[in-house]
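Fold and geometry: a report
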Amino acid sequence: MPISAATAWGQSPDGRPLHRWTLRSAHGAQVDLSDLGGTLLSWQAPDRHGRVGEVVLGHADAAQYLASDAYMGSIVGRWANRIRSGRFTLDGVDYKVDRNDHGNHLHGGVNGFHLQRWEVEPEGETLVLRLVSPEGDGGFPGEVRVELRVRLDDDGTLDLRYAATTDAPTPLSLTAHPYFNLSDRRPDIRDHVIRIDADEFLAIDAGAIPIGRQAVAGSAFDFREAAPIGSRLHWPDPQLRLVGGFDHCYVARPGPVDTPRTVAVVTEPLSGRRLTIDTDRPGLQFYSGQKLTGQPARRGDAYGPFAGFALEAQAFPNQMNTTEAEGAILRPGQVWRQHTRYRIDTV
């Protein structure tokens, strides 16, 4: 269906106007996005009885998004997740990037893509978002140009196709950061049933930096068979205690090159809503939302712990400081691409 005309939605810190756009499907779903951070502001989707309700968390207005440290619904970059000590070496040159998470780099730094004003234009039923990240942005080398094409299909799929180029070698890993709660009647997500198609996850240290791959078998992290999120949170697993829940990257099972494959499915029993995530990325960060306490909510109240969960398709955290570093580098003449789909239907 045609995309609605842009409507005013606050202003950026430099005084430029911000806007929101609405995408609708033929079956009652509606998605609202903003040029601030490419942010997914709202997703209304029907339950098994056809009742439409909100399935993502959100703040009340642009000012709250600008002040938030939750990356609520935004596109994060240049680097999704963490880089140890905000340091890496690329082609023999040492770089220091923003350190905004207990001495580490997180999600693009203090002024990452989530706080930038993107240029947005509709093309038929697709919303096209563009951003130019200048040389030195957040401490990263090279100018990076990003295009994100967003479409809401009639089967309930929110389709995200990214492309990026650079004029100098640079690390790049982008992701969308929505927090989902598939029930608009319950304040937390612990009853949601999740399946993650991964045999390994990245174990972390006290700073949430990966220290190595670990098999999920026999651990709280084994969601190869679907299980309620809440049923695992109290397992006596030292990895859970480090961060108070799940905030770990899964090593998604490989599929055909550059082709999205299903990496996770989440179902909410009461509403019957089901979220399916397909991506061509190697990593999937699962965050159970344990630190959302006090984040302002769109109705003027505040969220509590486990109010929503995030599943972020990305490269591996701190990959630039591992033997897999080359896989995270974008070089001149290359086009970095990512294709991720979020589909909400009912069972």
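The protein is annotated in an unreviewed UniProt entry as Aldose 1-epimerase from Luteibacter sahnii. What the UniProt record of the protein gives under Sequence similarities (unreviewed entry) is the line "Belongs to the aldose epimerase family." The annotation that UniProt attaches to the protein under Catalytic activity (unreviewed entry) is "alpha-D-glucose = beta-D-glucose".

Next up on the list: the overall build of the protein. A tally of regular secondary structure across the protein gives 2 helices and 27 strands. A globule of 347 residues ought to have a C-alpha radius of gyration of about 20 Å, and the protein, at 19 Å, matches this closely. Projected onto its principal axes, the C-alpha positions of the protein cover 60 × 50 × 40 Å. Counting all 347 residues of the protein, 57% fall into the buried class. Residue pairs in contact within the protein that sit at least 24 positions apart in sequence constitute 63% of those at least 6 positions apart. For the protein, the exposed surface amounts to about 13800 Å²; the carbon and sulfur share of it is 49%.

Attention now moves to the nonpolar core. Across soluble globular proteins, you tend to see nonpolar side chains buried next to one another. The biggest cluster of nonpolar side chains holds 63 residues, and the ones touching the most others in it are Trp43, Tyr250 and Phe286. Here the element with the most residues in this core is strand 13 (residues 144-152); it accounts for 5 residues. Apart from residues no more than four positions distant in its own chain, Tyr250 is found in contact with Ile196, Ala198, Glu200, Phe201, Val216, Phe221, Phe223, Pro282, Gly283, Leu284, Phe286 and Phe316. Residues Trp9, Ala70, Ala297 and Ala310 belong to the second largest nonpolar core, which totals 16 residues.

Our focus in this paragraph is the environment of Arg343. Note that Arg343 resides in strand 27 (residues 336-346). Looking at Arg343, the relative accessible area reads 24%, which means it is partly exposed. For the pair Arg343 and Thr157, spaced 186 residues apart in sequence, the C-alpha separation works out to 3.9 Å. The contact partners of Arg343, leaving out residues within four places of it in the chain, are Asp155, Gly156, Thr157, Arg274, Leu275, Thr276 and Asp278.

This next bit is on the packing of aromatic side chains. On inspection of all chains with the given rule, the structure shows 16 aromatic pairs. The interplanar angle of 65 degrees and the centroid separation of 5.5 Å between the aromatic rings of Trp9 and Tyr65 together place this pair among those described as edge-to-face. Residue Trp9 is located in strand 1 (residues 7-11), and its partner Tyr65 is located in helix 1 (residues 62-67); the two are separated by 56 residues in the primary sequence. Here Tyr65 falls in the buried class, since its relative accessible area comes to 7%. Relative to Tyr250, the ring of Phe221 lies with its centre 6.5 Å away and its plane at 50 degrees, an arrangement referred to as tilted. Linking Phe221 in the loop between strand 19 (210-215) and strand 20 (227-228) with Tyr250 in strand 21 (residues 247-252), this pair joins segments that are 29 residues apart in sequence. In terms of burial, Phe221 and Tyr250 fall into one category: buried.

Judged by pairing direction, the sheet is antiparallel, and its 5 strands sit side by side in the order 1-2-3-4-5 without closing on themselves. Of all the strands in the sheet, the pair left with one neighbour each is strand 1 and strand 5 (52-54). Direction aside, the axes of adjacent strands within the sheet are offset by 25 degrees on average. Taken together, the 3 bridges between strand 1 and strand 2 (residues 17-24) define a ladder with antiparallel strand orientation. Residue pairing across strands places Gln11 opposite Pro17, the latter belonging to strand 2.

Burial within strand 12 (residues 126-133) is extensive, with 6 of its 8 residues counted as buried. Here strand 11 (residues 119-123) runs beside strand 12; their pairing, made up of 5 bridges, is antiparallel. By the bridge assignment, Val120 is partnered in strand 12 with Leu129. If you look at the hairpin formed by strand 11 and strand 12, you'll find 2 residues sitting between the two strands, and Gly124 has a positive phi there, around 65 degrees.

Here the focus is the sheet that holds strand 14 (residues 157-166). By way of backbone hydrogen bonds, the strands of a sheet pair with one another, either parallel or antiparallel. Spatially, 9 strands are ordered 11-12-13-14-27-23-22-17-20 in an open sheet, and the strand pairing comes out antiparallel. The outermost strands of the open sheet, each flanked by one partner alone, are strand 11 and strand 20. Relative to strand 27, strand 23 (residues 273-279) runs antiparallel, the two sharing 7 bridges. Bridge pairing in strand 27 links Arg274 to Asp345.

We now examine the pattern of salt bridges. Oppositely charged side chains are able to pair whenever their charged atoms sit close together. Evaluated as defined, the whole model comprises 31 salt bridges. For the salt bridge of Arg149 with Glu147, the shortest nitrogen-to-oxygen distance reads 3.7 Å. Overall, the relative accessible area of 23% leaves Glu147 in the partly exposed class. Put simply, Glu121, Glu123, Arg130, Glu147 and Arg149 are held in one network by salt bridges that share partners.

As a further point, take the environment of Leu242. By secondary structure assignment, the location of Leu242 is in helix 2 (residues 238-243). Judged by its relative accessible area of 36%, Leu242 falls in the partly exposed class. In this structure the C-alpha to C-alpha distance between Leu242 and Ile204, which are 38 residues apart in sequence, comes to 8.2 Å. When neighbours within four sequence positions are excluded, Leu242 is seen to be in contact with Ile204, Asp205 and Ala206.

Calculation criteria
The numbering scheme is per chain: residues are counted from 1 as the chain's sequence reads. Confidence filtering applies because this is a predicted model: local features only for residues at pLDDT of at least 70, side-chain atom pairs given and counted only at 80 or more, and all residues used for totals across whole chains, interfaces and linings. For side-chain calculations, the full set of non-hydrogen atoms in the structure is used, while hydrogens and water are omitted. UniProt positions are given in the numbering used here, feature names are shortened, and annotations may be inferred rather than shown by experiment. Only DSSP runs of H or I reaching four residues or more are called helices, and only runs of E reaching two or more are called strands; each is numbered from the N terminus. For the radius of gyration, the atoms used are the C-alpha atoms, and the globule rule reads 2.2 Å times the number of residues raised to 0.38. Relative accessible area decides the class of each residue, using a 1.4 Å probe on protein chains only: under 20% of the type maximum gives buried, over 50% gives exposed, and in between gives partly exposed. Here, two residues are considered to be in contact whenever any of their heavy atoms come within 4.5 Å of each other. Surface exposure here means Shrake-Rupley accessible area, sampled with a 1.4 Å probe, where a residue is shielded only by the protein chains that are shown. As used in this record, nonpolar core signifies buried Ala, Val, Leu, Ile, Met, Phe, Trp, Tyr and Cys residues forming a set joined through side-chain atoms within 4.5 Å. Under the pairing criterion, centres of Phe, Tyr and Trp rings, with the six-membered ring standing for Trp, must be within 6.5 Å; the plane angle then separates stacked pairs below 30 degrees from edge-to-face pairs above 60, leaving the rest tilted. Any two strands with at least two DSSP-identified bridges between them are counted as paired. All axes are obtained by fitting lines to C-alpha atoms, using only the stretch in contact for helices, and the reported angles, taken between N-to-C directions, cover 0 to 180 degrees. We count a salt bridge whenever a side-chain nitrogen from Lys or Arg sits within 4 Å of a carboxyl oxygen from Asp or Glu.

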